[in-house]
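Examination of the molecular architecture
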Amino acid sequence: MGISRILIANRGEIALRIHRAAHEMGIETVAVHSTADADAMHVRLADHAVCIGPPSATESYLNHAAIISAAEITGADAIHPGYGFLSENAKFADIVEAHDIAWIGPKPEHIRTMGDKVQAKKTAGALGLPLVPGSDGAVSDFDEMRAVAAEIGYPVLAKAASGGGGRGMKVIPSEDQLESLVKQAQNEAKAAFGDDTMYLEKYLGNPRHIEFQVFGDGRGNAIHLGERDCSLQRRHQKVFEEAPSPVITEEDRMRMGGIVADAMAQMSYRGAGTIEFLWENGEFYFIEMNTRLQVEHPVTEAITGMDLVREQIRIADGKDLSVKQEDIRFTGHAIECRINAEDPFTFAPSPGKIEYYHQAGGMHVRVDSGLYAGYTIPPYYDSMIAKLIVYGRTREGCLMRLRRALGEMVIQGVKTSIPLHQELLEQPDVLSGNYTIKWLEEWLAERAENET
Ligand code: MV4
């Protein structure tokens, strides 16, 4: 009789985000939490709460049996995994569905396919997405690697099929270094993922990271919600995201959007997905697909007016997509700043007690966070404690409002990345949108030098 109680298998701001969408749909929520999160806001807001284990995520938020038991005990008829943790775990998704609990996520087979980067690239190519030139699938033989590299031209990039977050990746500048660098990447991949399967790609030297938001109903209908530009990253952690991208034209958006939506329709994709591209010299190159809701989804919500979590829940409930492509309008500009509990210079984590908290507000300002004065940020999990999302009619207006809103945020008791964001908003390249995936780390290196 439809979803009526959702277990949220996550914590922090995303657990709140899911709770809010559920409540607005008249659906009850069940929070799960570790012993370290008993006082967390996601536990306080939920209708029911179950403690699922000790602080270590392996024994709590990643504990399949404990989460399924919590769902059974509380009578939850759906599980939303959020992002991270179990969100891209195909085996867990299988288990959830085997218990007749609705999995608020893609079909397990699609999670599995996209989790293997070689399979993902093959699938993307077959569905008509433009690929980075490279080996046709996995390569294990060094002679074959040399042949592929000679064909596409150096520098090439060796990537692990099970990779992610940049681990098991090595840039190979020339043939004489190929064998030793590939072996290094393989060792890294073996240690990190237990799998040293590699593939080769042309190394793109200075691209932007541009990703398209997609949704499918699982029955052959799919839409795209435009792109996000997430080029400002440090060590594969996004810092600042915006939609639309300052460099993508309306024509390119609709052309690439059409291609990605068509690809998702062909595979009967279900739920939310993000298709990542590198963009260089006006061309898009598919790199990966994420089969989950992403941290930065609110910038897409801001420019489309859609509630992406509501859409996920509707789809998991067997409903049709709530909108047709031709009814989706992209209006204005949105930027998200990820606020972490960390030193804004050294990036060392800074957990601890929040002595005072004041949230920015006002028109077109959204703060997604579970923080409150008196809360103690535990040291066991991700350091992201809040997201500030600001909307404006124009990019310039959005930047002005973001500067204003950052100035209103007060978080005392721990160090945060707010001063870093304020500094970034003074950089001409950030203000003009003139940045690539290399910009932030180069700027940080320069900033560190000027400090000493
Ligand atoms: C690349 C690349 C350049 N050329 N592939 C990084 C992690 C994984 N998601 C893919 N990554 C990259 N793949 C080719 N052929 C550069 C990166 C990359 C990157 C990509 C997006 C955002 C930030 C990045 C930082 C460093 C490297």
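Just above sits the structure.
Residues numbered from 1 in each chain as written. Predicted model: local features only at pLDDT ≥ 70, side-chain atom pairs only at ≥ 80, totals over all residues. Heavy atoms only, no water.

**Some words on the nonpolar core**
We apply this condition: What is meant by a nonpolar core is a set of buried Ala, Val, Leu, Ile, Met, Phe, Trp, Tyr and Cys residues, joined one to another through side-chain atoms within 4.5 Å. Accessible area is worked out with a 1.4 Å probe on protein chains only. A residue is then buried under 20% of its type maximum, exposed over 50%, and partly exposed in between. Each helix corresponds to a stretch of at least 4 residues labelled H or I by DSSP, and each strand to a stretch of at least 2 residues labelled E; elements are numbered beginning at the N terminus. Any two residues whose heavy atoms approach within 4.5 Å are treated as being in contact.
Residues Phe240, Leu388, Leu402 and Ile411 are the most contacted members of the largest nonpolar core, which totals 41 residues. Contributing elements (two or more residues each) for this core: strand 11 (237–243), strand 14 (333–340), strand 17 (365–369), strand 19 (384–392), helix 12 (395–408), helix 13 (418–424) and helix 15 (439–451). Sorting elements by how many residues they give to this core places helix 12 first, with five residues. In this structure, Phe240 is in contact with Asp229, Cys230, Leu232, Ile335, Glu336, Cys337, Leu402, Leu425, Val430 and Tyr435, ignoring residues within four places of it in sequence. Ile104, Ala272, Val309 and Ile313 belong to the second-largest nonpolar core, a separate cluster that totals 26 residues.

**A word on the packing of helix 7 (residues 142–152) against helix 8 (residues 178–193)**
Defined as follows: All axes here are fitted lines through C-alpha atoms, helices being fitted over the stretch that makes contact, and every angle between N-to-C directions spans 0 to 180 degrees. Orientation labels follow simple angle bins: below 35 degrees gives roughly parallel, above 145 gives roughly antiparallel, 65 to 115 gives roughly perpendicular, and whatever is left gives oblique. It is the rotation of the near helix from the far one that decides the hand of a crossing: anticlockwise by less than a right angle makes it left-handed, clockwise makes it right-handed. In the scheme used here, Gly and all other residues not listed as nonpolar or charged are polar, with Ala, Val, Leu, Ile, Met, Phe, Trp, Tyr, Cys and Pro taken as nonpolar and Asp, Glu, Lys and Arg as charged.
Axis separation between helix 7 and helix 8 bottoms out at 11 Å; the angle between their running directions is 110°. With respect to their mutual orientation, helix 7 and helix 8 come out roughly perpendicular. In this structure, helix 7 crosses over helix 8, and the sense of that crossing is right-handed. Between helix 7 and helix 8, the contacting residues are Phe142, Met145, Arg146 and Ala149 on the first element and Leu178, Glu179, Val182, Lys183 and Gln186 on the second. Split into classes, the residues belonging to the contact of helix 7 with helix 8 amount to five nonpolar, one polar and three charged.

**Notes on the site of the ligand**
As a reminder, the rule being used: Consider each residue's heavy atoms; a residue with any of them within 4 Å of a molecule or strand counts as near. For the purposes of these results, a polar contact is taken to be a pair of N or O atoms within 3.5 Å, where, inside protein, one atom must be able to donate a hydrogen and its partner to accept one; residues adjacent in sequence count only when each atom of the pair is a side-chain atom. Per-residue and other accessible areas follow the Shrake-Rupley method at a 1.4 Å probe size, with only the shown protein chains counted as cover for residues.
Residues in contact with the ligand amount to 16 residues; listed here are only the nearest, Lys159, Glu201, Lys202, Leu204 and Glu288. At 2.9 Å from a nitrogen atom of the ligand is found a side-chain nitrogen or oxygen belonging to Lys159. One nitrogen or oxygen atom from the side chain of Glu288 is found 2.9 Å from a nitrogen atom belonging to the ligand. Starting from 520 Å² of accessible surface for the ligand in isolation, the protein chains cover 88%. For the shell around the ligand, the secondary structure elements donating two or more residues are strand 6 (156–164), strand 8 (198–202) and strand 13 (283–290).

**Some thoughts on the sheet that holds strand 8**
Quick note on the threshold: A pair of strands counts as paired when DSSP detects no fewer than two bridges linking them.
Strands sit in the order 7-6-8 across an open sheet of three strands; the sheet is antiparallel. Here the strands that pair on one side only, and so sit at the sheet edges, are strand 7 (167–172) and strand 8. Each strand axis lies, on average, 25° off the axis of its neighbour in the sheet, ignoring direction. Of the strand pairs in this sheet, strand 6 and strand 7 are connected by five bridges, and their pairing is antiparallel. Looking at strand 7, one finds that Lys159 is bridged to Met169. Contacts from helix 6 (residues 117–126) reach strand 6 and strand 8, with the element oriented near 50° to strand 8. Running at roughly 170° to strand 7, helix 8 makes contact with strand 6, strand 7 and strand 8 of the sheet.

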